[in-house]
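Observations on the three-dimensional arrangement
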Number of protein chains: 2
Amino acid sequence: MEKPLEELIYRLSRLPGIGIKTARRLSYFLLESDEGEVKKLAESIVEAKEKISECSICHDYTDTDPCTICRSDRRDRSVVCVVERPQDVQVMEQTGKYNGLYHVLHGVIVPERGVVPGDLRIKELLERLKHEDIKEVILATNPTKDGDTTARYIARMLSDVEGIRVSRIAHGIPVGGDLEYYDNLTVATALAHRTDFKES
Amino acid sequence: MEKPLEELIYRLSRLPGIGIKTARRLSYFLLESDEGEVKKLAESIVEAKEKISECSICHDYTDTDPCTICRSDRRDRSVVCVVERPQDVQVMEQTGKYNGLYHVLHGVIVPERGVVPGDLRIKELLERLKHEDIKEVILATNPTKDGDTTARYIARMLSDVEGIRVSRIAHGIPVGGDLEYYDNLTVATALAHRTDFKES
């Protein structure tokens with residue numbers, strides 16, 4: 001096989017979820033595509049990488065520093081929602097139900113894989129709490145083993161900061177979900193965290 | 001969401017088999033990756049597109065013209081294997097059982113979608129037969145409805161060319177299958193069991 005094609009297949013196959021067959025299929029697709037379109041793809045890769053970096057306040061990805069949310073005067077600056085990854089900010093924003101600030105950790109604590117608190121943006125969060133007038137920290141890491149470990153770690157770090165409410169997103173059965181399809185722990189947690197329910 | 005990131009997600013989502021969720025996942029992966037690696041990916045896309053074009057003889061993709069196979073003095077220049085796409089040449093080569101030349105059609109006849117013989121490299125094949133000393137044309141289009149239609153069309157075009165055996169790869173590959181997804185042995189057997197093919 002020709003060298004530039006081999007190189008392209010190799011590079012594409014290193015992307016997550018792209019096996020060698022998919023990489024080959026994509027490569028041939030690109031060779032058959034319009035040159036302008038292909039160059040735009042390559043440019044958008046370079047441009048995203050060059051123009052987007054971490055917001056110095058919330059550590060979300062941004063092409064301006066501070067990011068749009070951190071700069072906004074329409075957000076509630078007394079609440080910070082702590083998430084694992086930048087894409088979680090998008091998920092939260094899409095709900096249209098949150099109007100506070102964010103803090104992106106860029107990962108979770110995974111002792112087995114050597115990911116320790118120092119690898120995450122945790123000290124940056126503690127620093128923010130000193131300078132910003134924050135009343136509540138919502139821990140919105142995923143309800144997984146590692147997400148829970150990370151939430152507990154941060155909660156412990158915040159336990160002696162005066163006047164800050166620390167909350168955790170609710171665990172339970174997703175809206176529209178079917179009990180039958182969720183694991184015991186999820187169902188048990190949903191049961192333990194049951195709320196009063198009155199039909200008016 | 002930031003413009004350069006949105007653009008990248010959009011561009012990636014236009015690739016075949018890449019939905020919006022996968023495009024988003026890949027984009028964030030790229031943002032988290034080492035800048036050098038990301039640039040190498042972008043460069044390999046541009047480079048493959050710029051350096052690779054169709055061989056003027058067999059129409060396979062190549063970075064030299066004529067391609068390695070067309071230039072080689074170790075190939076049997078009396079046999080031409082006709083395939084749908086450049087990736088099929090790779091599949092044939094991987095069997096290690098074929099030592100002749102190739103001719104890449106760049107598609108198949110699909111009347112419903114308006115793909116007619118003139119859109120394929122069929123006249124280029126007929127032209128080759130006039131100038132090259134070819135004794136056999138192996139029709140190795142996929143054993144699908146369109147692949148069969150195309151094979152029959154070419155067989156008919158060759159029916160009055162003197163002294164040329166026209167053969168069709170054996171239906172060792174299930175009807176409706178795609179060459180690209182079968183193992184070397186299956187492809188090699190289909191090649192070995194090719195039968196004479198004449199459109200009456």
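Here the structure is a predicted model, which is why all the values come from computation and not from measurement.

Some thoughts on the overall build of chain A
The helix and strand inventory of chain A stands at eight helices and six strands. Secondary structure of chain A in N-to-C order comes out as α-α-α-β-β-α-β-α-β-α-β-α-β-α. Relative to the 2.2 N^0.38 estimate, which gives 16 Å for 200 residues, the radius of gyration of chain A is 22 Å and therefore markedly larger than a compact globule would have. With the principal axes as the frame, chain A shows a C-alpha extent of 65 × 45 × 40 Å. Taken over 200 residues, chain A has a buried fraction of 41%. Within chain A, contacts between residues separated by at least 24 positions form 48% of all contacts whose residues are at least 6 apart in sequence. Taken as a whole, chain A presents about 11,600 Å² of accessible surface, with 52% of it coming from carbon and sulfur. In chain A, 29 side chains carry a positive charge and 35 a negative one; their mean positions are 2 Å apart.

Concerning the sheet that holds strand β6 (residues 165-168) of chain A
Residues and elements named next belong to chain A. Taken in spatial order, the four strands line up as β4-β3-β5-β6 in an open sheet, and their pairing is parallel. Among the strands making up the open sheet, the edge pair consists of β4 (101-104) and β6. Across the sheet, the axes of successive neighbouring strands diverge by a mean angle of 25°, strand direction being ignored. Where strand β3 (residues 79-83) and β4 come together, four bridges link them in parallel fashion. Bridge assignment links Cys-81 to a residue of β4, and that residue is Tyr-102. The sheet contacts of helix α6 (residues 122-131) involve β3, β4 and β5 (136-139), and relative to β4 the element is tilted by about 150°.

Section: the interface of chain A and chain B
Often, the extent of an interface is quoted as the loss of accessible area on bringing the components together. Contacts between chain A and chain B engage 47 residues on the former and 48 residues on the latter. Here A:Glu50 ties to B:Lys39 by a salt bridge, and the two come within 3.0 Å at their closest N and O atoms. The interface formed by chain A and chain B holds 14 residue pairs in polar contact (both at pLDDT 80 or more) in total. Secondary structure elements with two or more residues in the side of chain A that touches chain B: α1 (3-13), α2 (20-32), α3 (35-51), β2 (61-62) and α5 (86-95) of chain A. Considering each element in turn, the side of chain A that touches chain B owes the most residues, 15 residues, to α3(A). Along the lines of polarity and charge, the residues of the side of chain A that touches chain B split into 22 nonpolar, seven polar and 18 charged.

Considerations on unusual backbone geometry
Cis geometry is adopted by the peptide bond preceding A:Pro66, which originates at A:Asp65 and carries an omega value of 0°. For A:His106, which is not a glycine, the phi torsion comes out positive at approximately 60°. At B:His59, a residue that is not glycine, the phi angle is positive and equals roughly 70°.

Focus on the sheet that holds strand β7 (residues 195-196) of chain B
All names here are of chain B. In space, the five strands of this open sheet follow the order β4-β3-β5-β6-β7, with mixed pairing throughout. At either end of the open sheet lies a strand with only one pairing partner, and these are β4 (101-104) and β7. For strand β3 (residues 79-83) and strand β5 (residues 136-139), the ladder comprises four bridges, and the chain directions are parallel. By the bridge assignment, Val-80 is partnered in β5 with Val-137. Where helix α6 (residues 122-131) meets the sheet, it contacts β3, β4 and β5, and its direction lies at approximately 150° from that of β4.

Some details on the packing of aromatic side chains
With the rule as written, the count across this model stands at four aromatic pairs over all chains. Their ring planes at 20° and their centres at 6.2 Å tell us that A:Tyr28 and B:Tyr61 sit as a pair that is stacked. Of this pair, A:Tyr28 sits in helix α2 while B:Tyr61 sits in strand β2 (residues 61-62), each in a different chain.

Reading guide: rules and limits
- Residues numbered from 1 in each chain as written.
- Chains lettered and ligands numbered in written order.
- Predicted model: local features only at pLDDT ≥ 70, side-chain atom pairs only at ≥ 80, totals over all residues.
- Heavy atoms only, no water.
- Helix = DSSP H or I, 4+ residues; strand = E, 2+ residues; numbered from the N terminus.
- Rg over C-alpha atoms; globule rule 2.2 N^0.38 Å.
- Buried < 20%, exposed > 50% of the residue type's maximum accessible area, 1.4 Å probe, protein only.
- Contact = heavy atoms within 4.5 Å.
- Areas by Shrake-Rupley, 256 points an atom, 1.4 Å probe, with all protein chains shown as cover.
- Lys, Arg positive; Asp, Glu negative; His and termini not counted.
- Charge placed at Lys NZ, Arg CZ, Asp CG, Glu CD.
- Pairing = 2+ DSSP bridges.
- Axes fitted to C-alpha atoms, helices over the stretch in contact; angles between N-to-C directions.
- Salt bridge = Lys/Arg side-chain N within 4 Å of Asp/Glu carboxyl O.
- Polar contact = N/O pair within 3.5 Å; in protein donor to acceptor, adjacent residues only side chain to side chain.
- Nonpolar A, V, L, I, M, F, W, Y, C, P; charged D, E, K, R; others polar.
- Phe/Tyr/Trp six-rings, centres within 6.5 Å; stacked < 30°, edge-to-face > 60°.

Purely spatial values, then, with no claim about function.
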